[in-house]
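Residue-level structural notes
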Amino acid sequence: MIQIRFHGRGGQGSVVASNILAAAAFLEEKWVQSFPFFGVERRGAPVTAYTKIDDKPIWDRSEITDPDYVIVLDASLVAVVDVTNGLKENGMVLLNSESKPEDIELGDSFRIATVDATEVAVAHGLGSKSAPIVNSSILGAFSKASGEVDIKSIEASILKMAPAKHKENAAAALEAYEKVQF
Amino acid sequence: MPMDVMTGNSAQAYGAKLARAEVVAAYPITPQTTVVEKLADLVASGEMKAQFIKVESEHSAMAACIAASATGARAYTATAAHGLALMHEMLIWAAGSRLPIVMGNINRAMAPPWSVWADYQDSIAERDTGWMQFYCQSSQEVLDTVIQAYKVAENHDVLIPAMVMEDAFYLSHTFEPVDVPPQKDVDDFLPPYDPPVKLDVDNPVGLCALVPPDHYMEFRFKIAKAMEDSRKVIQEVDEEWEKKFGRSHGGLVERYRMEDADAAIIAAGTMSSTARVAIDNMRDKGKKVGLARLRVFRPFPYEEIRQIAKEVDSIGVLDRSYTFGHGGAFYTETAGALYQAPERPHVKNYVIGIGGRDIPPKDIEGILEKVLTKEDGGEVEWFGLRTSGSREVN
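Please read all numbers here as calculations on a predicted model, not as lab measurements. Note that residues are indexed from 1 along each chain, following the sequence as it is written. Ligands are numbered from 1 and chains lettered from A, in the order in which they are written. Only residues with pLDDT of at least 70 get local features here, since the model is predicted, and only at 80 or more are side-chain atom pairs given and counted; chain-wide, interface and lining totals rely on the full set of residues.

A few points about the interface of chain B and chain A
A common way to report how large an interface is uses the accessible area buried once the components associate. Chain B puts 20 residues into the contact, and the matching count from chain A is 17 residues. Counting from the N terminus, the helices are the DSSP runs of H or I reaching at least four residues and the strands are the DSSP runs of E reaching at least two. The element that contributes the greatest number of residues to the side of chain B that touches chain A is helix α9 (residues 270-284) of chain B, accounting for five residues. Note on residue categories: nonpolar means Ala, Val, Leu, Ile, Met, Phe, Trp, Tyr, Cys or Pro, charged means Asp, Glu, Lys or Arg, and polar means any other residue, Gly included. Classifying every residue of the side of chain B that touches chain A gives eleven nonpolar, six polar and three charged. Residue pairs qualify as contacts under a 7 Å threshold applied to their C-beta atoms, which are placed from the backbone.

Rendered as structure tokens:
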């Protein structure tokens, strides 16, 4: 089973991202489960969401404590939340950041990937510079950096499930797919 | 019809749609969930042919369902926690009137302290209202059970309402694959409701009259008998479902790896889904443990429980609610059923996951170890309480 944990802020679309990723893997005939950290949502507050992907039905319904991947939609969260908590040895952290992977200091035991998802999102008219909606961009980057889910599946799921601006979100995913560094 | 990825709440709504519910009455404010939001969308778009009645409280929602069902319409509502509690009086009216209403209840803990997370205190508190109670472990089961519940409830040997439970968040807000069966197949399985008596202006009848003591008792006995007779119908309907749709949900009690088990846990809802992982882990270590999942709590499956008692030496009953004064309800009912059993294994109650506290496989493995060793030290243990520090130990 592949376990992915999302860290974002309320309003950035972390929960929608976890669902779109699950739907994309489902298109590839995987069994999936995605859910938010069960809480009360507030705009701007730290939000956690989870996606599980497996070749067989997923019976374990508990929260993810030892993810294979951590996706951080807002780099400022790194100072507030222990984003690598429980991350498996050699697991990957994908950060929305202007920095290069080698400039990110999260220890040596993890692989780091970065993409400036904010820039990509704003360029496609998704939110504003201060409140960008980066979930589609980060999913495109995840497809390339992880190799776990094909970008075509991500694109198809965005077109089906994005709450608005379907084409812009899909285009942002494709651009971030090209721009991610790892 | 293809599989799709959806939440338990969407599965619940599609269940009501496929069952061709004709009247949906609901109060749309918290603790209400997205079940009725989805149904409102389906009705507004014309995809579902139903009268959607937005009412001013859950008490009114059930009153509207009672009136609709009394005219012979198939009625549906959904609620949760305090919404269910506010319905209490009307739940008794619905069951006493012998109306086959089906209701989704998203199991949420009762306040105070305020909570929106999963536990069964809300529906357990309605145990004695005369409603059947189904507890689901997957979104697929939610969809299938809404349809099955109408078939059971509308059977003329039954004619009592049914609640279809979903764990808050663990099902209600979780995306997972669900097979949505074709409408035609569901129509073949579930014919239109054929009420034995209904309100009809051309053929007037009076319902719910005052009944003096020399007749009241017989009315109550008939509910008791209907609830007894529902066992067979629940089993048959699930078997028929399996024949038609290729999946069973276990009738009243679903067994998992009970073959040659020395010890078993009894649990319900999503924790029994997670428990499969714990049991697989224990079996890999050569420990003979199994699971009996209470899919139905009303009627209580005492015969199935007595059968399990014949097979194992020790049972742990996991309750996600508590009856203040004596144990969790699943435990006290299990213990009550076992008193009449020829063989009585060691039984202990574990109260767990209250207020939505997460239940990882390792916690269930910890309980299974205790059950295997027939641990003493009281009848009831609140597992993982912070004050005892056992959450860290386990």
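Past the structure itself, the notes keep going.
Section: the nonpolar core
Among the nonpolar cores identified, the biggest contains 182 residues, and L94, I138 and A141 of chain A together with C65 and A264 of chain B are the most heavily contacted of them. The element contributing the most residues to this core is helix α1 (residues 14-27) of chain A, with ten residues. Each of domain 1 (3-245) and domain 2 (253-393) of chain B contributes no fewer than three residues to this core. For A141 of chain A, the residues in contact, after removing those within four places along its chain, are L94, A113, V115, A117, A176, Y177 and V180 of chain A. Each nonpolar core reported here comprises buried Ala, Val, Leu, Ile, Met, Phe, Trp, Tyr and Cys residues connected via C-beta atoms within 7 Å. Think of it as a crowd count around each C-beta: if 20 or more other C-beta atoms lie within 10 Å the residue is buried, if 12 or fewer it is exposed, and in between it is partly exposed, with C-beta placed from the backbone throughout. These domain limits were set by an automatic method or by a database of domain assignments.

So, the domain arrangement of chain B
Residues and elements named next belong to chain B. You can read the domains of chain B as domain 1 (3-245) and domain 2 (253-393). Put simply, the middle of domain 1 and the middle of domain 2, counted by C-alpha atoms, are 28 Å apart. Counting only elements with at least two residues in the side of domain 1 that touches domain 2, the list comes to α5 (121-124), β6 (132-135), β7 (162-167) and α8 (213-245). Considering every element that reaches the side of domain 1 that touches domain 2, the biggest residue donor is α8, with five residues. For the side of domain 1 that touches domain 2, the per-class residue count stands at 17 nonpolar, six polar and five charged.

Some details on the packing of α1 of chain A against helix α4 (residues 151-161) of chain A
All names here are of chain A. One way to put it is that α1 packs onto α4 with a least axis distance of 8 Å and a crossing angle of 125°. With respect to each other, α1 and α4 are oriented oblique. As α1 packs across α4, the resulting crossing turns out to be right-handed. Each of N19, I20, A23, A24 and L27 in α1 lies in contact with α4, whose residues at this interface are S153, I154, A156, S157, I158 and M161. Orientation is described by axes fitted as lines to C-alpha atoms, over the contacting stretch for helices, and by angles from 0 to 180 degrees between their N-to-C directions. To sort the angles, those under 35 degrees are grouped as roughly parallel, those over 145 as roughly antiparallel, those from 65 to 115 as roughly perpendicular, and the leftovers as oblique. For any helix crossing, the convention is left-handed if the near helix is rotated counterclockwise from the far helix by under a right angle, and right-handed if that rotation is clockwise.

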